[in-house]
Amino acid sequence: MASMWKEFSKGLWAEIPPFRLMLGLCPTLAVTKSANNGLGMGLAVIFVLALSNAVISLIRNIIPKKVRIACYIAIAASLVVAVELLMQAYTYPLYQQLGIFVPLIVVNCIILGRAEAFAGKNPVHLSIADGLGMGIGFTMSLTFLGALREVLGYGTLFGHGLFGPDFHPVHFMVEAPGAFVSLGLILAGMNLLSIRKALRRGENPADNPMPGCESCRGCAMGRD
Amino acid sequence: MMEYFLLLISAVFVNNVVLAQYLGQCPYLGCSKEKGVSIGMGAAVIFVMILATPITWLIQYKVLVPLGLDYLQTIMFILVIAALVQLVEMFLKKAVPPLYSSLGIFLPLITTNCAVLGVAIVVQRESFDLGTSTYYAFATGLGFMLALILLASIRERLEISRLPLSMKGVPAALVLAGIMSMSFMAFAGMI
């Protein structure tokens, strides 16, 4: 039980996917025009990630090592098709808002990255805990970034007006540049926190640089 | 003729795949540290997009739609792209070794580049015909390469300047991408 909590909770802060692991940046930038979209995207990713981790972990000893990435992609793609059909049936407006980023969950590095780094090596219950934790961390990040951009860019939160008629929204925040700049500044803030922590422990912060896209194992495809 | 020119301008500048459509962020941030690497990556992306888009187009309209299986679009497209990339890699290795040595190392990275799958899906949603789809894929790849080379050139300069430790690497690249995206938005007046 304790080990399950450990794998679950690491995704919530210590290894929160987009902000620490740099996984899944495309949807993080693209669907965070509003908190609602961010939340919806996050829920879809939780569904796919928890189930793909579970399935991959179940059959991890059957998959031949050489074709494992192709298998991971096939499993993730089947789950994404299921999500697409469910969203078309029950949350059609959200499905239209998210646009091509629903099918693109397939190539979201979080799915492949967690499959390769965790689910392919660990038992089922830990893999589900890892998938849920990472998914919830991803959802929190997207909702936070979406809320930030929505509040500043439209003056609303989850569609409710906050400031009254005198507020002048900063349109920059809901356009593409605002997405890049606000994500960049959040990452810088996360860096600053870990540098502070390293300094307090008396370590040299330059020894533990922020991971680049190396943590995305999708890129390692076909390498070994 | 004019509409093709406008499509090119639109795909390269106004709706740039990275800076306006947010696709392909991983290679955009990961492969933009050196100019040489960014040119190789950009060329490999153009190459795979030009091949993958017509093939997925044909699969969609000649196989999936007649059989009534178009809900399988996502899973078919990604498997076709993955297989295609492997085939291209093996073909180049045997047939064109010089090209392989310059593009080969980038090919495995491309399967999970969401820009490739993204373009294949976008041309279906826009209902382009086969020729326009291929041309649009080329233009999109060109836009990706342009954005990648520009960012790499800036980051090479940035390496030798003093930045706060917390901004080094990806955060600085993202803020730069934001500024570039702002300047690319100015092209919107052209079309």
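Keep in mind that this is a model prediction, so the values were computed, not measured.

Right, let's get into the confidence of the model for chain A. As a note on interpretation, predicted positions should not be read in detail where pLDDT is low. All names here are of chain A. Residue-level pLDDT values for chain A average 88, and 92% of them are 70 or greater. At the level of individual helices and strands, chain A shows its lowest average pLDDT in helix H2 (residues 17-21), which scores 84, and its highest in helix H4 (residues 35-58), which scores 95. Low pLDDT, under 50, characterises residues 220-224; the stretch is placed with 7 contacts to residues that sit more than four places away or in other chains.

This next bit is on H4 of chain A. Along its 24 residues, H4 of chain A runs 34 Å from first to last C-alpha, staying within 8% of the 34 Å computed at 1.5 Å per residue. Buried residues dominate H4 of chain A, accounting for 17 of its 24 residues.

This next bit is on the packing of aromatic side chains. Evaluated as defined, the whole model comprises 10 aromatic pairs over all chains. Relative to Tyr135 of chain B, the ring of Tyr4 of chain B has its centre 5.2 Å away and its plane inclined at 85°; by these criteria the two rings are edge-to-face. Separated by 131 residues along the polypeptide, Tyr4 of chain B in helix H1 (residues 2-14) and Tyr135 of chain B in helix H8 (residues 130-159) bring together distant segments of the chain. According to the relative accessible area criterion, Tyr135 of chain B is partly exposed, its value standing at 24%. Taken together, the aromatic side chains of Phe13, Phe184 and Phe187 of chain B make up a single cluster linked through ring pairs. Looking at Arg20 of chain A, its charged tip hangs above the ring of Trp13 of chain A, at a distance of 5.6 Å from the centre.

At the interface, 42 residues of chain B touch 48 residues of chain A. Between chain B and chain A lies a buried interface of about 3,700 Å² when both sides are counted; carbon and sulfur atoms form 79% of it. Across the chain B-chain A interface, the total number found is 0 salt bridges. Those elements giving two or more residues to the side of chain B that touches chain A turn out to be helix H2 (25-30), helix H4 (73-95), helix H6 (107-110), helix H7 (114-125) and helix H9 (170-185) of chain B.

Here the focus is a nonpolar patch on the surface. Residue and element names in this part refer to chain B. A contiguous nonpolar surface patch, about 510 Å² in accessible area, is contributed by Met2, Phe5, Leu6, Met190 and Ile191. Tracing the backbone through its elements, the reader meets Ile191 in the segment after H9. Ile191 gets classed as partly exposed once you look at its relative accessible area, which sits at 48%.

Time to look at the environment of Gly164 of chain A. All names here are of chain A. Position of Gly164 among the secondary structure elements: in the loop between strand S2 (160-161) and helix H9 (176-200). A relative accessible area of 48% means that Gly164 is categorised as partly exposed. Sequence separation of Gly164 and Leu152 is 12 residues, and the distance between their C-alpha atoms is 13 Å.

Criteria and thresholds
Residues numbered from 1 in each chain as written. Chains lettered and ligands numbered in written order. Predicted model: local features only at pLDDT ≥ 70, side-chain atom pairs only at ≥ 80, totals over all residues. Heavy atoms only, no water. pLDDT = per-residue confidence, 0-100. Helix = DSSP H or I, 4+ residues; strand = E, 2+ residues; numbered from the N terminus. Contact = heavy atoms within 4.5 Å. Expected span 1.5 Å × (residues − 1). Buried < 20%, exposed > 50% of the residue type's maximum accessible area, 1.4 Å probe, protein only. Phe/Tyr/Trp six-rings, centres within 6.5 Å; stacked < 30°, edge-to-face > 60°. Lys NZ or Arg CZ within 6 Å of the ring centre and 35° of its normal. Buried area = accessible area lost by both parts, 1.4 Å probe. Salt bridge = Lys/Arg side-chain N within 4 Å of Asp/Glu carboxyl O. Patch = residues over 30% accessible without salt bridge, like charges linked within 9 Å, V, L, I, M, F, W, Y side chains within 5 Å. Areas by Shrake-Rupley, 256 points an atom, 1.4 Å probe, with all protein chains shown as cover.

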